[in-house]
Amino acid sequence: ETALAGLSEDRGGDGDPAAARSDPAGDAALTELDFDWLDGFLASVPPGHARPTVGWIDGFLTALAAGPVTIENEAEVESLLDHPDKPWADWAAPARAHAGMLLRRHYAAIDRRLAAGRGLAPLLEPGDERPFQSWSEGFMRVVEHDHADWRPILQLREARAVLNPIILAATGRSDQYRGTPPDDPDEIAAEIEAGMYLLREELGGKTPDPRAVAPRTGPKIGRNAPCPCGSGKKYKKCCGIAA
């Protein structure tokens, strides 16, 4: 039985049509059944082979969508299925084709949510030693692999606020963390989510859709005030995370 946490109504996780309409991912959003199927597909590898989890893949695809490396063709996300250590690499079967389709859809959903500045929610794997460890390991795999492209971002001071909770979740290291690291999964998820919007919009990532992201104007916002993005969170826990 799969028990993936972190599936919210914004992700269309329960198949609710109203929730799907509120999600900027639109018809690309995976349902909870889609995530369960993909989790079962990944779990079908024989013992002794590496098995990325759905949470790891979610972090990996988020780094691709938020970071500086442009994916020219969404089919490139299927490279996750082509690693030589993965037994399904040579599968010429409907299952592999379906898995590839789900990966392309999930990448498109993440990309749209980042462009809209809402709806993103990192997946929490129930078996992680630390909250969002799998997600963060997948994210950091992209950073390490495309380090030359990420280097200009990593040199920016603001990037520390974005990467610190991810590095902490991936490695357990808090020595570079600014302030007291949160231990509540909801707070960690809020930090990661806000950091991804900031990365996409300001830190050298891809330019957001100007139709979806409102310009920031008006007076300065107090850190404990409600965030103007409408998330319901405090500004310091949402768009003001790097302030």
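Residues numbered from 1 in each chain as written. Predicted model: local features only at pLDDT ≥ 70, side-chain atom pairs only at ≥ 80, totals over all residues. Heavy atoms only, no water.

1. What about the overall build of the chain?
Item 1. Check the secondary structure of the chain and you find eight helices and zero strands.
Item 2. For the chain, the succession of helices and strands along the chain, N to C, is α-α-α-α-α-α-α-α.
Item 3. For the chain, with 243 residues in total, the buried portion stands at 45%.
Item 4. Partitioning the intrachain contacts of the chain with sequence separation of at least 6 by distance along the chain shows that 69% fall at a separation of at least 24.
Item 5. With an accessible surface of roughly 12,400 Å², the chain has 51% of that area assigned to carbon and sulfur atoms. (Helix = DSSP H or I, 4+ residues; strand = E, 2+ residues; numbered from the N terminus. Buried < 20%, exposed > 50% of the residue type's maximum accessible area, 1.4 Å probe, protein only. Contact = heavy atoms within 4.5 Å. Areas by Shrake-Rupley, 256 points an atom, 1.4 Å probe, with all protein chains shown as cover.)

2. A word on the packing of aromatic side chains
Item 1. Within the structure shown, the criterion is met by four aromatic pairs.
Item 2. A ring pair is formed by W56 and F60, whose centres lie 5.3 Å apart and whose planes are at 20°; its orientation type is stacked. With W56 and F60 both in helix α3 (residues 54–66) and four residues apart, this pair spans about one turn of that helix.
Item 3. W56 sits in the buried class, given a relative accessible area of 14%.
Item 4. Since its relative accessible area comes to 14%, F60 is described here as buried.
Item 5. When the ring of W135 is compared with that of F139, the centres are 5.5 Å apart and the planes differ by 15°; the resulting orientation is stacked. (Phe/Tyr/Trp six-rings, centres within 6.5 Å; stacked < 30°, edge-to-face > 60°.)

3. Quick look at the nonpolar core
Item 1. Membership of the largest hydrophobic core comes to 46 residues, with the highest contact counts inside it found for F139, M196 and L199.
Item 2. Listing elements by their share of this core, those giving two or more residues are α2 (32–42), α3, α4 (94–116), α5 (133–145), α6 (147–154), α7 (158–171) and α8 (185–201).
Item 3. Looking at this core, the element that brings in the most residues is α3, giving nine residues.
Item 4. Setting aside anything within four residues of it in sequence, one finds M196 in contact with T62, A66, L114, L120, W135, F139, V162 and I166. (Core = buried A, V, L, I, M, F, W, Y, C linked by side-chain atoms within 4.5 Å.)

4. Observations regarding the packing of α3 against α4
Packed helices, taken two at a time, are described by their axes: the angle between them and the distance between them.
Item 1. Packing of α3 against α4 brings their axes to within 9 Å, and their N-to-C directions diverge by 50°. The angle between α3 and α4 falls in the class oblique. Along this stretch, α3 crosses α4, giving a crossing that reads as right-handed. Between α3, through I57, D58, L61, T62, L64, A65 and A66, and α4, the contact on the second element is made entirely by L103, H106, Y107, I110, D111 and L114.
Item 2. Across the contact of α3 with α4, the residue classes tally to nine nonpolar, two polar and two charged. (Axes fitted to C-alpha atoms, helices over the stretch in contact; angles between N-to-C directions. Parallel < 35°, antiparallel > 145°, perpendicular 65-115°, else oblique. Left-handed = near helix turned anticlockwise from the far one by under 90°. Nonpolar A, V, L, I, M, F, W, Y, C, P; charged D, E, K, R; others polar.)

5. So, the confidence of the model for the chain
Item 1. When pLDDT is averaged across the chain, the result is 74; 62% of the residues are at 70 or more.
Item 2. Every residue in residues 1–18 is under pLDDT 50, and counting partners more than four places away or in other chains gives 42 contacts.
Item 3. Of the regions scoring below 50 in pLDDT, residues 208–220 engages in 13 contacts with residues more than four places distant in sequence or in other chains. (pLDDT = per-residue confidence, 0-100.)

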